[in-house]
Amino acid sequence: MTDSVKKILNERFGISEAEITQLAGYGNNNYRVSTASGKFVFKTYEDRPDLRGELEAESRILEKLAAGAPSAYPKPVADIDGGYSTVIREDGISKYFRLLTFVEGDILGPKGISGETAYSLGSFLGKMDGELSSLRSAPIEARRSKWDLQYHALNRPLIEYIENPQDRKYVEYFFQQASFFVDRELPFLRHGLIHGDANEWNIIARAGKVAAMIDFGDLCYSPIVNEVAIAAAYALMFAEDHITGASRLIAGYQEMNPLEEKEIALLFHLIALRLSVSVCNSALAAKTMPDNEYAFISEERAWRLIRKWAATNPLRIENEFRQAAGFEPRRTVSVGEDLAVRRKNTSRVMSLQFTEPIKMKSAAFQYMFDDGGRSYLDCYNNIPHVGHCHPRVVDAIAKASARLNTNTRYLTDEFNEYTTRLLSRFPERLDKIFLVNSGSAATDLALRLAAAHTGNRNVAVVEYGYHGNTSRGISVSHYKYGGKGGPGKSDAIIEAPIPDEYRAGPEAETGKRCAEILRERIDESKAGVSAFIAEPIVGCGGQVPLAQGFLQAVYDLVRKRGGVCISDETQTGFGRLGKWFSGYEMHGVEPDIVILGKPIGNGHPMAAVVTTSAIAESFETGMEFFSSFGGNTVSCAAGNAVLDVMDEEHLQDNARDVGGYLLCGLEQVTEEFESCGNARGEGLFLGLELVRSKDGKEPDGGLASSVQNALRDAGILVGTDGPHENVIKIKPPMCFTEENADELLGALRQALKKHERRTETK
Ligand code: PMP
């Protein structure tokens, strides 16, 4: 190849004596040319439409820039015909070449954009963009490059090349966030010519300061802030602190070419876009040019930053950048003011979490973001099952609601697809489904189905169970009717004691004993039983797994007495327990009716009742069952997307693996602290029971509340529950990772150390 380079240099540029070495590059072959009269870079290009016009235009722009600052830019060298791009036709193929002066200095390269160079890079770019803003170029303005952030959507087809679905989702997320929060703003921003690729391999420093830029191949006419976003993305990839790592760059830019507040507001998303574009193209390169090292040079760093970025509150970044640019940080409304409005508008029975409530603004996967710039690791919210704002679910909901949002009185593909898919996750016997909008509505319907089938309305329940907020829901929820302000048990309810192995001791055959008590009570009541309803792990009871043997004995008993068995899987279903898709499987039983809620729509209000044909037929009395929203096209689209993500990201397996890891960690914590009585649960549905002493097992609700608030201060959200509010409840989105588990365990230890001691000294 160097021979043909020599030939062209000789014939077209009059350079006869030269030493030629190849340079690293993305797609093209580039060479350094050293001659007695100076050094040059010889660039080669594959032919494509508009190439020649673009090369000529780029060269003209470089010529103008270099005229004002000769050592800061490569200068194009004209060939013997006076042109800046040389074309040679060989075997019917056009090949393009270009010669530029070589810019002396140190390419930042592997050293990256460090703190010292960042400021000077900012001022360099600011000054350059200021100069570029007075230039126009029709060929460059006509360009539509996938590297130009305003055309980020051109990269969407590349997402599929990202092999790991757990990573792919971040890129989908950031592209989608941009479609909501960036794309509509971009047309209204200041536009100008920008370099468009200020990465460390295109930046040249002299005496520790940025002194030149090279490789103008991505020159584009774009919102000017994109220049800063691209440089900031690379600066952040090298920064130790991803919050402050671009601040000096922005301060330097601001000095020369002040950014506007609305531009700064978009930087978080634009940086995310650059990272996403970068990894998409690395994924493509892995298929198309696996041997080109340069194509993967930023890949690992970009991924690391993408994962951190997704866990970072966008407001925190905006405020950091605002300060760097000399603007005041955005002010937040005080919690007091918000609380006053809330108190005015609604009742106190709608409670708030934590001693000092949090005002939430946004969320991503297992992270939530408040209005003060803080990020929280969400270890508590099982409703966003596949992750907060998962792009697949958001996309499905948005598209479905833009197309058709109608009820179940029409035939729709969405309903048929969703019900078929959902039923396929249950045993063959459970072959009929009803769709509603809340777990409470599902409980209500389940009890109606049971009553219709058995002709009885008495219901057997488990102590501390919760099944819904409707009158009927409350009437079967001991946690509510038997709790604070509860009306007490109605005559139609028969209670089983909670078979809690921790409190009863495993040797006591808790399961059998509690089932036996229920048998006595059913038989005493003489009114028979319509249904038995229970959760496989009693959430509101404090994450208490029903003792083994209990459900088997009770299901047997209830069926013998003519009743049906309802498993409330609102919390425990949909793969959360890891080893099993539904919680009842853990107990080796098969219910007659299953209640599904919370996770199935990832936050979209959806719930379902699954039952047998026989029970469904008993309900066909002539009265229609209709739910205005249940099973509508949007809900079904959301539900389908949740199933897709669960399968693609293997989230049930993740719940098993990460949940197992976390439970081991909690068991260790339990050994270390006197106040930890019991760690329990399955998959990502876990509890840690806090007590005054291991032997006495006296519940310590005060400590649980202190620990919960301390964790919140450390940026971690957990719940508390149980009859004494002494159980730390852990049920995070299913994408929770081992690193997340480690973070939780570390903070939990800290909180216990601090608050256990305080309790002792009281
Ligand atoms: N059953 C169980 C086990 C629940 O945890 C809940 C909600 N916490 C419900 C039913 C009621 O669901 P919803 O709030 O959607 O009405």
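Think of each chain on its own: its residues are numbered from 1, step by step along the sequence as written. The predicted nature of this model means local features are confined to residues of pLDDT at least 70 and side-chain atom pairs, given and counted, to a pLDDT of 80 or more, with totals for whole chains, interfaces and linings taken over all residues. Side-chain measures were taken over the full set of non-hydrogen atoms in the model, leaving aside hydrogen atoms and water.

Asker: Got a sec to walk through the sheet that holds strand β13 (residues 367-370)? Specific residues and values, please.
Answerer: Strands are treated as partners if at least two bridges between them are detected by DSSP. Every helix listed is a DSSP run of H or I at least four residues long, and every strand listed is a run of E at least two residues long, numbered separately from the N terminus. Spatially, β12-β13-β14-β26 is the arrangement adopted by the 4 strands of the open sheet, whose pairing is mixed. The open sheet has two edge strands, β12 (360-364) and β26 (716-717), and neither has a second partner. One ladder, built from 3 bridges, connects β13 with strand β14 (residues 375-378); its direction is antiparallel. When the bridges of β14 are listed, Tyr 367 appears paired with Leu 377.

Asker: Account for the pattern of salt bridges, with residues named and values stated.
Answerer: Here a salt bridge means any side-chain nitrogen of Lys or Arg lying within 4 Å of a carboxyl oxygen belonging to Asp or Glu. A full pass over the atoms with the stated rule returns 45 salt bridges. Linking Arg 98 and Glu 58 is a salt bridge whose minimum nitrogen-to-oxygen distance equals 2.7 Å. Linking Arg 98 in strand β6 (residues 93-101) with Glu 58 in helix α2 (residues 51-68), this pair joins segments that are 40 residues apart in sequence. Here Glu 141 and Arg 136 are joined by a salt bridge, their closest N and O atoms 2.9 Å apart. By relative accessible area, which is 59% here, Arg 136 ends up exposed. Think of it in three bands: with a 1.4 Å probe and only protein chains considered, a residue is buried below 20% of the maximum accessible area for its type, exposed above 50%, and partly exposed in between.

Asker: An account of helix α5 (residues 165-181) is requested, with residue identities and associated values reported.
Answerer: Helix span, expected: 1.5 Å multiplied by one less than the number of residues in the helix. Taking 1.5 Å of rise per residue, 17 residues should cover 24 Å, and α5 covers 24 Å from first to last C-alpha, within 8% of that figure. Most of α5 is tucked away: 13 of the 17 residues are buried. Measuring from the backbone nitrogen of Gln 166 back to the side-chain oxygen at the start of α5 gives 2.8 Å, which picks out Asn 164 as the cap. For the purposes of these results, a polar contact is taken to be a pair of N or O atoms within 3.5 Å, where, inside protein, one atom must be able to donate a hydrogen and its partner to accept one; residues adjacent in sequence count only when each atom of the pair is a side-chain atom.

Asker: An account of empty space enclosed by the protein is requested, with residue identities and associated values reported.
Answerer: In this analysis, the protein atoms alone were mapped onto a 1 Å grid. Cavities are point sets where a 1.4 Å probe fits without being able to get out; pockets are open sets with protein on both sides within 12 Å along at least five of seven lines; lining residues have an atom within 4 Å of a point. Grid points are joined across faces, edges and corners, and a volume is the space filled by probe spheres set on the points. Evaluated as defined, the whole model comprises 1 cavity of 30 Å³ or more. In this structure, the largest cavity encloses a volume near 50 Å³. Along the walls of the largest cavity sit Pro 165, Arg 168, Lys 169, Glu 172, His 390, Arg 392, Val 645, Glu 648 and Glu 649, which together make up its complete lining. Within the residue set of the lining of the largest cavity, elements represented by two or more residues are α5 and α21 (633-648). The leading source of residues in the lining of the largest cavity is α5, at 4 residues. A per-class count over the lining of the largest cavity returns 2 nonpolar, 1 polar and 6 charged. Residue type decides the class: Asp, Glu, Lys and Arg count as charged, Ala, Val, Leu, Ile, Met, Phe, Trp, Tyr, Cys and Pro as nonpolar, and the leftover types, Gly among them, as polar.

Asker: How would you sum up the nonpolar core? Please name residues and give values.
Answerer: Working definition of a nonpolar core: buried Ala, Val, Leu, Ile, Met, Phe, Trp, Tyr and Cys residues. They are joined through side-chain atoms within 4.5 Å. Membership of the largest hydrophobic core comes to 174 residues, with the highest contact counts inside it found for Tyr 73, Phe 532, Phe 550 and Phe 574. When residues of this core are assigned to their parent elements, the largest contribution, 14 residues, is made by helix α8 (residues 261-288). By size, the runner-up hydrophobic cluster in this structure holds 24 residues, among which are Leu 447, Ile 533, Val 564 and Ile 615.

Asker: Report on the packing of helix α12 (residues 391-403) against α21, specifying residues and quantitative values.
Answerer: Axis definition: a line fit to C-alpha positions, over the contact stretch in the case of helices; interaxial angles, taken between N-to-C directions, run 0 to 180 degrees. Running from amino to carboxyl end, α12 crosses α21 at an angle of 155°, the nearest separation of the two axes being 8 Å. By the angle between their directions, the pair α12 and α21 is classed as roughly antiparallel. For α12 against α21, the interelement crossing comes out right-handed. Along its contact with α12, which presents Arg 392, Val 393, Ala 396, Ile 397, Ala 400 and Ser 401, the element α21 presents Thr 633, Val 634, Ala 637, Ala 638, Ala 641, Val 642, Val 645 and Glu 648. Angle categories: roughly parallel below 35 degrees, roughly antiparallel above 145, roughly perpendicular from 65 to 115, and oblique for all the rest. Helix crossings get a hand from a simple test, with the near helix turned counterclockwise from the far one by less than a right angle marking a left-handed crossing and a clockwise turn marking a right-handed one. Any pair of residues with heavy atoms lying within 4.5 Å of one another is described as a contacting pair.

Asker: Tell me about the side chain of His 388, and please be specific about residues and values.
Answerer: Checked against the element boundaries, His 388 lands in the loop between β14 and α12. Given the relative accessible area of 8%, His 388 is considered buried. What His 388 contacts, discounting residues up to four positions off in sequence, is Ala 363, Ala 364, Phe 365, Tyr 367, Met 368, Asp 378, Asn 381 and Pro 733.

Asker: I'd like to hear about helix α3 (residues 115-132), residue by residue, with values.
Answerer: Each α-helix winds once per 3.6 residues, and so residues spaced three or four apart point in a common direction. Spanning 18 residues, α3 covers 26 Å between terminal C-alpha atoms, matching the ideal 26 Å at 1.5 Å per step. For α3, the full list of buried residues reads Thr 117, Ala 118, Ser 120, Leu 121, Gly 122, Ser 123, Phe 124, Leu 125, Gly 126, Met 128, Asp 129 and Leu 132. Against the buried residues of α3 lie α2, β8 (191-194), β9 (203-206), β10 (209-213), α6 (225-238) and α7 (247-256).

Asker: How would you sum up unusual backbone geometry? Please name residues and give values.
Answerer: Of note in the backbone geometry, Ala 207 takes a positive phi value of approximately 55° without being a glycine. Within the fold, Ala 207 resides in the loop between β9 and β10. The backbone of Gln 543 sits at a positive phi, close to 55°, despite the residue not being glycine.

Asker: Explain the sheet that holds strand β22 (residues 593-596) to me, and be specific about the residues and the numbers.
Answerer: A sheet is described by the order of its strands in space; here 7 strands give the open sequence β15-β23-β22-β21-β18-β16-β17, paired in mixed fashion. Of all the strands in the sheet, just β15 (430-436) and β17 (493-496) have a single pairing partner and so form its edges. Mean inter-strand twist for the sheet, computed between neighbouring axes without regard to direction, equals 20°. For strand β18 (residues 531-534) and strand β21 (residues 564-568), the ladder comprises 4 bridges, and the chain directions are parallel. Paired with Ala 531 across the two strands is Val 564, which belongs to β21.

Asker: Explain the site of the ligand to me, and be specific about the residues and the numbers.
Answerer: In the vicinity of the ligand, the contacting residues are Ser 438, Gly 439, Ser 440, Tyr 466, His 467, Gly 468, Glu 535, Asp 568, Thr 570, Gln 571 and Lys 598. The side chain of Asp 568 places a nitrogen or oxygen atom 2.6 Å from a nitrogen atom of the ligand. Gln 571 is positioned such that a nitrogen or oxygen atom in its side chain is 2.7 Å from an oxygen atom of the ligand. Taken by itself the ligand offers 390 Å² of open surface, and the protein chains cover 84% of this. Of the residues in the shell around the ligand, the class split is 1 nonpolar, 7 polar and 3 charged. One heavy atom within 4 Å of a molecule or strand is enough for the residue carrying it to be called near that molecule or strand. Computed with a 1.4 Å probe, the accessible areas rest on the Shrake-Rupley method; for each residue, only the protein chains presented here act as cover.

These figures come from the coordinates and say nothing about function on their own.
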